[in-house]
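# Observations on the three-dimensional arrangement
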Amino acid sequence: MTKRILFVCLGNICRSPAANGILEQMVSQRGLQEKIEVDSAGTYPGHRGNLPDPRMRRAALERGYNLTHRARTISEEDFYDFDMIIVMDDSNYERVSRLAPERKYLDKLYRMAEFMTDYPDYTYVPDPYYEGVEGFYLVLNMLENGCRVLLDKLESEI
């Protein structure tokens, strides 16, 4: 059985496509491509069709992640299509939870911070869009930790 994971942030141009690229690479390195599928989306439609932010692409490429995902907006159908929907902050959580077709689908909704064991003081992944280059590296560090913990959990379930 394939597990389908969807990462969500505001514009789908920084945090969620980075998480998407990081987890896809980790899945590939462990040979789990047939068992785990990854995608990302945003709650704001204004960047639809765009590549990730150039600053995030540069920072990610330095670590070996080639981010080629095109931004899309999350929809109600995603609750049917994905096993886990992982949001980057509380604002994303609130917006995404309002899209759930029924309350039972909220069981699929998680915060990325739940998986970030190396960052216990963070309850969210900060948006690096208005930060300097350091913000992009911090987000990559957080996402690498969270994706590793998430993948360990998924691998133990499949």
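As the structure is a computational prediction, the values presented were derived from the model and not from experiment.

## Points about the sheet that holds strand S1 (residues 3-9)
Read across the sheet, four strands follow the order S2-S1-S3-S4 without closing on themselves; strand pairing throughout is parallel. Looking at the sheet topology across the chains shown, the edges are occupied by strand S2 (36-42) and strand S4 (109-111). Averaged over all adjacent pairs, the angle separating strand axes in this sheet is 25°, with direction ignored. As defined by bridge partners, S1 adjoins S2 across seven bridges and the pair is classed as parallel. Paired with Phe7 across the strands is Ser40, a residue of S2. Contacting S1, S2 and strand S3 (84-87), helix H5 (residues 133-157) runs over the sheet at an angle of about 160° to S1.

## Here's the deal with the side chain of Thr43
Its place among the elements puts Thr43 in the loop between S2 and helix H2 (54-62). In this structure the side chain of Thr43 is engaged in a polar contact, spanning 3.4 Å, whose partner is the side chain of Arg95.

## Some thoughts on the packing of aromatic side chains
In the structure shown here, the tally under the stated rule is five aromatic pairs. A centroid spacing of 6.5 Å and a plane angle of 70° characterise the contact between Tyr122 and Tyr124, whose relative ring orientation is edge-to-face. Taking 4.8 Å as the distance between ring centres and 85° as the angle between the ring planes, the aromatic pair formed by Tyr129 and Tyr130 counts as edge-to-face. Exposure remark for Tyr130: the relative accessible area of 73% places this residue in the exposed category. Each residue in the set Tyr119, Tyr122 and Tyr124 is aromatic and connected to the rest through ring pairs, giving one cluster. Above the ring of Phe82, the side-chain terminus of Arg4 is found at 4.4 Å from the ring centroid.

## Observations regarding the environment of Asp81
Relative to the helices and strands, Asp81 resides in helix H3 (residues 77-81). Along the primary structure Asp81 and Ile5 are separated by 76 residues, whereas in three dimensions their C-alpha atoms are 9.2 Å apart.

## Considerations on the side chain of Asn145
The residue Asn145 is located in helix H5 in this model. Given the relative accessible area of 4%, Asn145 is considered buried. Other than its neighbours up to four places away in sequence, Asn145 contacts Phe115, Met116, Thr117, Asp118 and Tyr119.

## Some details on unusual backbone geometry
Negative phi values dominate among residues other than glycine, just as trans dominates among peptide bonds. Although it is not a glycine, Asn12 adopts a positive phi angle of roughly 60°. Mapped onto the secondary structure, Asn12 falls in the loop between S1 and helix H1 (15-29). Residue classification places Asn12 among the buried positions, given a relative accessible area of 0%.

## A closer look at the environment of Asp83
Position of Asp83 relative to the elements: it lies in the loop between H3 and S3. Each C-alpha atom, one on Asp83 and one on Ile5, is 6.1 Å from the other, the two residues being 78 residues apart in sequence. Residues contacting Asp83, with those up to four places away along its chain left out, are Thr2, Lys3, Arg4 and Lys108. Here Arg4 takes part through its backbone nitrogen, which lies 2.6 Å from a polar atom of the side chain of Asp83.

## Comments concerning the nonpolar core
Within soluble globular proteins, side chains that are nonpolar tend to cluster in buried spots. One finds Ile5, Phe7, Leu23, Met112, Leu143 and Leu150 to be the most contacted residues of the largest nonpolar core, which totals 38 residues. Listing elements by their share of this core, those giving two or more residues are S1, H1, S2, H2, S3 and H5. Per element, the largest residue contribution to this core is nine residues, and it comes from H5. Once residues within four sequence positions are removed from consideration, Leu143 is found in contact with Arg15, Ala18, Ala19, Ile22, Met88, Met112 and Val125. Grouped together as the second largest cluster of nonpolar side chains are twelve residues, Leu6, Phe79, Val87 and Leu109 included.

Conventions adopted
Every chain is numbered on its own, with residues counted from 1 as its sequence reads. Only residues with pLDDT of at least 70 are given local features in this predicted model, and only at 80 or more are side-chain atom pairs given and counted; all residues enter the totals for whole chains, interfaces and linings. Only hydrogens and water are removed before side-chain values are computed, so all heavy atoms of the structure are retained for them. Two strands pair under a simple rule: DSSP has to find at least two bridges between them. Helix numbering and strand numbering both begin at the N terminus, where a helix is a DSSP run of H or I of at least 4 residues and a strand a DSSP run of E of at least 2. To obtain an axis, a line is fitted to C-alpha atoms, over the contacting stretch when the element is a helix, and the angle between two such axes runs from 0 to 180 degrees between their N-to-C directions. Residues count as neighbours in contact if any of their non-hydrogen atoms are within 4.5 Å of one another. Pairs of N or O atoms within 3.5 Å make up the polar contacts considered here, provided that, within protein, one atom can donate a hydrogen while the other can accept it, and that residues adjacent in sequence are counted only when both atoms are side-chain atoms. The rule is short: rings of Phe, Tyr and Trp, with Trp giving its six-membered ring, pair when the centres are within 6.5 Å, and they are stacked under 30 degrees, edge-to-face over 60, tilted in between. Burial classes follow relative accessibility: with a 1.4 Å probe on protein chains only, a residue under 20% of its type's maximum area counts as buried, one over 50% as exposed, and anything between as partly exposed. Here, a charge over a ring is recorded when the distance from Lys NZ or Arg CZ to the ring centre is within 6 Å and its angle to the ring normal is within 35 degrees. Among buried residues, the Ala, Val, Leu, Ile, Met, Phe, Trp, Tyr and Cys ones that are joined through side-chain atoms within 4.5 Å form a nonpolar core.

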